[in-house]
Amino acid sequence: MAETHVLFVEDDDVIREATQLALERDGFAVTAVPDGLRGLEAFRADRPDIALLDVMVPGLDGVSLCRRIRDESTVPVIMLSARADSIDVVLGLEAGADDYVTKPFDGAVLVARIRAVLRRFGHASGGAAGGGRPEPAAGGGGGVLVFGELEVDTEGMEVRRGGAQVGLTPTEMRLLLEFSSAPGTVLSRDKLLERVWDYGWGGDTRVVDVHVQRLRTKIGQDRIETVRGFGYKLRA
């Protein structure tokens, strides 16, 4: 059974080496590099199953590296940021990251977040690598769901808008599946964090807000409605 391959880009030698050892003890294969340019080279050469990118790395910063990776792949990306209230968190998510972890972080928490992301992407938990196909959302049925010009194929995991295929990341697809499984129903940010991001604990709702905005740009700004004080719902 192949190990899950992690690309870790971090310029702090102590953090990089300690985190690499911790991840390897948990059964991951790790490629650790100190700057963004080498990170991009390693990504293209190794095609890892998941990328951990520190925001502030030399050569090519983590946000720019995330954009470059997202241009080429839907591989899951977790950003590492030194401040939870930093604009870098939002920039990283807008660049296509699926989640973020604030430094300093506990090794067990990081491993839990990595495994949660991998489960969403159809990978085994810390073991074998799988494909990038997300599992169906809770309560989602089979077949093609139609909402105006939007078509959601819940079996083929494809989305079309006006007949043209829409490219979604696995996280965006899971988010859309949650909405399409209950059109017209308001889903709170906390509920979406639990169902899409697999958070069994409190999380940063900015992750939801940024992903909803990204999804809107692809399926139509008016398709997902904001219900102030409650959450979001898909217009049927």
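Residues numbered from 1 in each chain as written. Predicted model: local features only at pLDDT ≥ 70, side-chain atom pairs only at ≥ 80, totals over all residues. Heavy atoms only, no water.

## Considerations on the overall build of the protein
Helix and strand counts for the protein stand at 8 helices and 11 strands. Among the 236 residues that make up the protein, the fraction classed as buried is 49%. Across the protein, every contact between residues at least 6 apart in sequence was considered, and the portion connecting residues at least 24 apart equals 58%. Within the structure as shown, the protein displays about 10,300 Å² of accessible surface, and the carbon and sulfur contribution to it stands at 49%. (Helix = DSSP H or I, 4+ residues; strand = E, 2+ residues; numbered from the N terminus. Buried < 20%, exposed > 50% of the residue type's maximum accessible area, 1.4 Å probe, protein only. Contact = heavy atoms within 4.5 Å. Areas by Shrake-Rupley, 256 points an atom, 1.4 Å probe, with all protein chains shown as cover.)

## Thoughts on the confidence of the model for the protein
Confidence in the prediction of the protein, expressed as mean pLDDT, is 87, and 88% of residues score 70 or more. Predicted confidence is poor over residues 136-141, with pLDDT under 50, and the contacts of this stretch with residues over four places away or in other chains come to 11 contacts. (pLDDT = per-residue confidence, 0-100.)

## Let's talk about the nonpolar core
Counting residues in each nonpolar core, the largest one holds 51 residues, and the members touching the most others are Leu53, Met79 and Phe179. With 6 residues, the single largest contributor to this core is helix α8 (residues 206-219). With near-sequence residues (within four places) excluded, leucine 53 lies in contact with Val9, Gly62, Leu65, Cys66, Ile69, Val77, Ile78, Met79 and Leu80. Within the second largest apolar cluster, 17 residues are counted, among which are Val6, Leu80, Leu118 and Phe121. (Core = buried A, V, L, I, M, F, W, Y, C linked by side-chain atoms within 4.5 Å.)

## Digging into the packing of helix α2 (residues 36-46) against helix α3 (residues 62-72)
Two elements in contact, α2 and α3, have axes separated by 10 Å at closest approach and are oriented at 20°. Taken as axis vectors, α2 and α3 run roughly parallel relative to one another. Crossing hand, α2 versus α3: right-handed. Listed contacts from α3 to Gly36, Gly39, Leu40, Phe43 and Arg44 of α2 are Leu65, Arg68, Ile69 and Glu72. The residue makeup of the contact of α2 with α3, split by class, is 4 nonpolar, 2 polar and 3 charged. (Axes fitted to C-alpha atoms, helices over the stretch in contact; angles between N-to-C directions. Parallel < 35°, antiparallel > 145°, perpendicular 65-115°, else oblique. Left-handed = near helix turned anticlockwise from the far one by under 90°. Nonpolar A, V, L, I, M, F, W, Y, C, P; charged D, E, K, R; others polar.)

## Let's talk about the sheet that holds strand β2 (residues 29-33)
What holds strands together in a sheet is hydrogen bonding between their backbones, with the strands either parallel or antiparallel. Sheet architecture is open: 5 strands sit in the order β2-β1-β3-β4-β5, paired in parallel fashion. Only two strands of the sheet have a single neighbouring strand rather than two, namely β2 and β5 (99-102). The sheet shows a mean angle of 20° between the axes of neighbouring strands, taken without regard to direction. The sheet contact formed by strand β4 (residues 77-81) and β5 spans 4 bridges and is parallel. When the sheet's bridge partners are listed, isoleucine 78 is paired in β5 with aspartate 99. Packed onto the sheet, α2 meets β1 (5-9) and β2 and runs at close to 165° relative to β1. (Pairing = 2+ DSSP bridges.)

## Describing the environment of arginine 115
Of note, arginine 115 is situated in helix α5 (residues 107-120). Assessed through its relative accessible area of 21%, arginine 115 is described here as partly exposed. Along the backbone, arginine 115 and aspartate 198 are 83 residues apart, and their C-alpha atoms lie at a distance of 9.7 Å. A distance of 3.2 Å separates the side chain of arginine 115 from the backbone oxygen of aspartate 26, its partner in a polar contact. (Polar contact = N/O pair within 3.5 Å; in protein donor to acceptor, adjacent residues only side chain to side chain.)

## Overview of the sheet that holds strand β6 (residues 144-147)
Spatially, 4 strands are ordered β6-β7-β8-β9 in an open sheet, and the strand pairing comes out antiparallel. Taken across any chain shown, the strands that pair with only one partner, and hence form the sheet edges, are β6 and β9 (164-166). On average, each strand axis in the sheet is tilted by 25° relative to the strand beside it, whichever way the strands run. The strands touched by helix α6 (residues 170-181) are β6, β7 (150-153) and β8 (158-161); relative to β7, the strand with the most contacts, the crossing angle is about 105°.

## Let's talk about the environment of cysteine 66
Among the structural elements, cysteine 66 can be located in helix α3. Distance in space between the C-alpha atoms of cysteine 66 and leucine 40 is 9.2 Å, their sequence separation being 26 residues.

## With respect to helix α4 (residues 87-94)
Looking at α4, one finds that the buried residues are Val89, Val90, Gly92 and Leu93. Viewed along the axis of α4, the buried residues span an arc of 160°, placing them on a single side of the element. Exposed and facing more than 90 degrees away from the buried side of α4 are Ile87 and Glu94. The elements touched by buried residues of α4 are α3, β4, β5 and α8. Just downstream of α4 lies glycine 96, where phi reads positive at about 120°. (Arc of directions from axis to C-beta.)

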